[in-house]
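Listed below, chain by chain, are the residues.
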Amino acid sequence: MSRKKVTVVGGGFVGSTTTQRIVDMELADVILTDILDGPPAGKALDMMESGPITRTDSRATGISTASGDYFRDGGVGDVVVITAGFPRNPGDEP
């Protein structure tokens, strides 16, 4: 049986933390996506390099979706978590 896959849309603080928790708990392999080119791949690589310390064998992959392509590196996961959005500014309503 293959491991489940989760796609996390948004590579900011919430998306990165969500990805890290899923990988650390070995719940699924994760594809971390963001419209920026570079940061998602770097964050996923950092998570993978800490794998021997946390003793996880889940995998994290980071991709840029600036082109609108969510199907690279194995496609969309079994579950999609959307964390992308604009940060709140002072005075914004909750």
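Right, let's walk through the structure included here. What you see is a predicted model, and the numbers here were worked out from it, not measured in a lab.

Together, Phe71, Val76, Val80 and Ile82 make up a nonpolar patch on the protein surface, roughly 420 Å² of accessible area in all. Position of Val80 relative to the elements: it lies in strand E4 (residues 79–82).

So, about the sheet that holds strand E3 (residues 60–64). Spatial ordering of the open sheet is given by E3-E2-E1-E4, a layout of four strands whose pairing is parallel. For this open sheet the edge positions go to E3 and E4, each flanked by a neighbour on one side alone. Taking each pair of neighbouring strands and ignoring which way they run, the sheet shows an average axis angle of 20°. With four bridges joining them, strand E1 (residues 5–9) and E4 adopt parallel strand pairing. Directly across from Thr7, in E4, lies its bridge partner Val80. Packed on one face of the sheet, helix H1 (residues 13–24) meets E1, strand E2 (29–34), E3 and E4 and runs near 170° to E2. Docked against the sheet, helix H2 (residues 39–49) engages E2 and E3, running at close to 170° with respect to E3.

As a further point, take the pattern of salt bridges. Here the structure, examined in full by the defined rule, presents two salt bridges. Asp29 is paired through a salt bridge with Arg3; the nearest N and O atoms lie 3.1 Å apart. Placement of the pair is Asp29 in strand E2 and Arg3 in the segment before E1, with a sequence separation of 26 residues. Among the residues examined, Asp29 registers a relative accessible area of 22% and is labelled partly exposed. Residue Arg3 is classed as partly exposed on the basis of its relative accessible area, which comes to 32%.

Basis of the calculations
- Residues numbered from 1 in each chain as written.
- Predicted model: local features only at pLDDT ≥ 70, side-chain atom pairs only at ≥ 80, totals over all residues.
- Heavy atoms only, no water.
- Patch = residues over 30% accessible without salt bridge, like charges linked within 9 Å, V, L, I, M, F, W, Y side chains within 5 Å.
- Areas by Shrake-Rupley, 256 points an atom, 1.4 Å probe, with all protein chains shown as cover.
- Salt bridge = Lys/Arg side-chain N within 4 Å of Asp/Glu carboxyl O.
- Helix = DSSP H or I, 4+ residues; strand = E, 2+ residues; numbered from the N terminus.
- Pairing = 2+ DSSP bridges.
- Axes fitted to C-alpha atoms, helices over the stretch in contact; angles between N-to-C directions.
- Contact = heavy atoms within 4.5 Å.
- Buried < 20%, exposed > 50% of the residue type's maximum accessible area, 1.4 Å probe, protein only.

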